[in-house]
Structures are given as C-alpha cells and as structure tokens.
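Structural description and commentary
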Amino acid sequence: MSAVDCCTPKCDRPLVEMQIRLFHPQDTDQVAQLFHQTVHEINRRDYSSNQCLAWSPKDIYFRDWEKVCSNRYTFVAEIKDAIVGFAELEANGHIDGFYCHKDYQRCGVGSKIYQAIEDKAVELGLQRLFTEASITAKPFFQHLGFVIITEQQVSCRGETFTNYAMEKFLNL
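Residues numbered from 1 in each chain as written. Predicted model: local features only at pLDDT ≥ 70, side-chain atom pairs only at ≥ 80, totals over all residues. Heavy atoms only, no water.

Looking at the chain, the pLDDT average stands at 90 and 90% of residues meet or exceed 70. With pLDDT under 50 throughout, residues 1-9 is counted as low confidence; its partners more than four residues away or in other chains account for 13 contacts. (pLDDT = per-residue confidence, 0-100. Contact = heavy atoms within 4.5 Å.)

In this section: the nonpolar core. Formed by 29 residues in total, the largest nonpolar core has its most connected members in Ile95, Phe98, Val109, Ile117, Leu129 and Phe141. Those elements giving two or more residues to this core turn out to be strand S2 (73-79), strand S3 (82-89), strand S4 (94-100), helix H5 (109-123), strand S5 (128-134), helix H6 (138-143) and strand S7 (159-169). When residues in this core are grouped by element, the largest group, six residues, is from H5. When neighbours within four sequence positions are excluded, isoleucine 95 is seen to be in contact with Glu88, Leu89, Tyr114, Ile117, Leu129, Phe130, Thr131, Phe141 and Phe146. Core analysis: the next-biggest nonpolar cluster, separate from the first, contains 18 residues, Phe23, Tyr47, Ala54 and Ile60 among them. (Core = buried A, V, L, I, M, F, W, Y, C linked by side-chain atoms within 4.5 Å. Buried < 20%, exposed > 50% of the residue type's maximum accessible area, 1.4 Å probe, protein only. Helix = DSSP H or I, 4+ residues; strand = E, 2+ residues; numbered from the N terminus.)

With that out of the way, let us pick up the packing of aromatic side chains. Here the distance between the centres and the angle between the planes together describe a pair of aromatic rings. Counted according to the given criterion, the structure contains 14 aromatic pairs. Members of the aromatic cluster, joined through ring pairs, are Phe35, Phe62, Trp65, Phe86 and Tyr99. For the cation-ring pair, arginine 63 lies above tryptophan 65, with the distance from its terminal atom to the ring centre recorded as 4.5 Å. Stacked on the ring of tyrosine 164, the Lys or Arg lysine 138 has its end atom at 4.5 Å from the ring centre. (Phe/Tyr/Trp six-rings, centres within 6.5 Å; stacked < 30°, edge-to-face > 60°. Lys NZ or Arg CZ within 6 Å of the ring centre and 35° of its normal.)

The next subject is the environment of phenylalanine 75. When you line up the elements, phenylalanine 75 lands in strand S2. The spatial distance from the C-alpha of phenylalanine 75 to the C-alpha of phenylalanine 23 is 5.7 Å, given a sequence separation of 52 residues. The contacts of phenylalanine 75, once residues within four sequence positions are left out, are Ile20, Arg21, Leu22, Gly85, Phe86, Ala87, Ile113, Ala116, Ile117 and Lys120.

As for its placement among the helices and strands, threonine 28 is situated in helix H2 (residues 28-41). Here the side chain of threonine 28 touches proline 25 through a polar contact of 2.7 Å, landing on its backbone oxygen. (Polar contact = N/O pair within 3.5 Å; in protein donor to acceptor, adjacent residues only side chain to side chain.)

Once that is clear, we can look at H5. Given a rise of 1.5 Å per residue, 15 residues ought to cover 21 Å, and the 21 Å separating the end C-alpha atoms of H5 matches this to within 8%. Phi turns positive one or two residues past the end of H5, at glycine 125, with a value near 75°. (Expected span 1.5 Å × (residues − 1).)

We now examine the pattern of salt bridges. Scanning the entire structure with this criterion turns up 11 salt bridges. Between aspartate 96 and arginine 63 there is a salt bridge; the shortest N-O distance is 3.8 Å. A residue pair is termed long-range when its members are at least 10 positions apart, and aspartate 96 in strand S4 and arginine 63 in the loop between helix H3 (49-55) and helix H4 (65-70) qualify at 33 residues. A relative accessible area of 25% places aspartate 96 in the partly exposed class. Judged by relative accessible area, which is 18%, arginine 63 ranks as buried. One salt bridge in this structure joins aspartate 96 and arginine 72, with 2.8 Å as the shortest N-O distance. (Salt bridge = Lys/Arg side-chain N within 4 Å of Asp/Glu carboxyl O.)

Written out as structure tokens, the structure is:
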C-alpha cells in the first residue's frame, strides 16, 4: 500500500462534529478499548495473532492508562462522546501510541490528531518529533513527512516485532 493510498480519506463517516482535545481521566476505558480493538483488528493485517496478543493482552489494563495518558499530552478525537482516536506526545517530542478506531480508518482522524500534536510541539519549542511506527502506521507517518531512521526488531512479552524508528524535523 502506498503512502498516498493509506492516507487518502476513503470513508463516509461525518467528522463535522469531531473535536480534538486533551485526555480526561473519564476517557480511560474508551482509550483502552480503542487501543485493544485497533491492535487486534487493524494491526492484525501486518502482525500475527500471537504478536497482537503480546502487544495488547486480553487484560486491557496491563498498562495504567489513566496515569500514562495524564502524564503526557494525550490528544483524543471525539465524536458525540465517543473517542475515535488518540495519540500521546511526550515533552521530548516522542510520539507514543497513535491509534484510530477501526471504523474511522482513512477518515482524517489521524491527520487531525497529528496536527494537534505538531501544534503543541511548536508551542513547546520542539525541533523534532520521533516515533517507533508499526508496519501498519509507517505509511501514515511517511505521508506526514516523517523519514525512517532504521528498521528495528523489538521484543514484547516474548514476541519479536518489526517497527521503524522515524523522525520529522519541524520548521520553527
């Protein structure tokens, strides 16, 4: 799939009422569920079921979502009280966790979340954003102007994954 194909809007879902905002503690359950569903239904295209289970175990609270999301600039995309995407920006420019709901893939949700991240990065005076993108997310990040630093093999709960260290320098 080319970078343009992955990022060209292809859905008919109305995003007019979508708002991008910072995470609130009451978002915890929806964020955890969205993460789990996305890994098992979207990332499953590029990773085995065992890899997906290691990435997102059955116990979706393997991670303290409220604490992690509250300690970062976690942006959520919300439509009518439903979270349809989220991403976490750390103060050093690292983008951790960037997920869009399975029913809102290629609808522009990720692009709007990314714009909020880049705006915050500029506000913080960051010169560079960086991430470790999955095989699935690599074309999206490339479309946004990120370049691959290196392909890497990482381990998580006994499984090995391919992902890509990527970065983008901001024009301040």
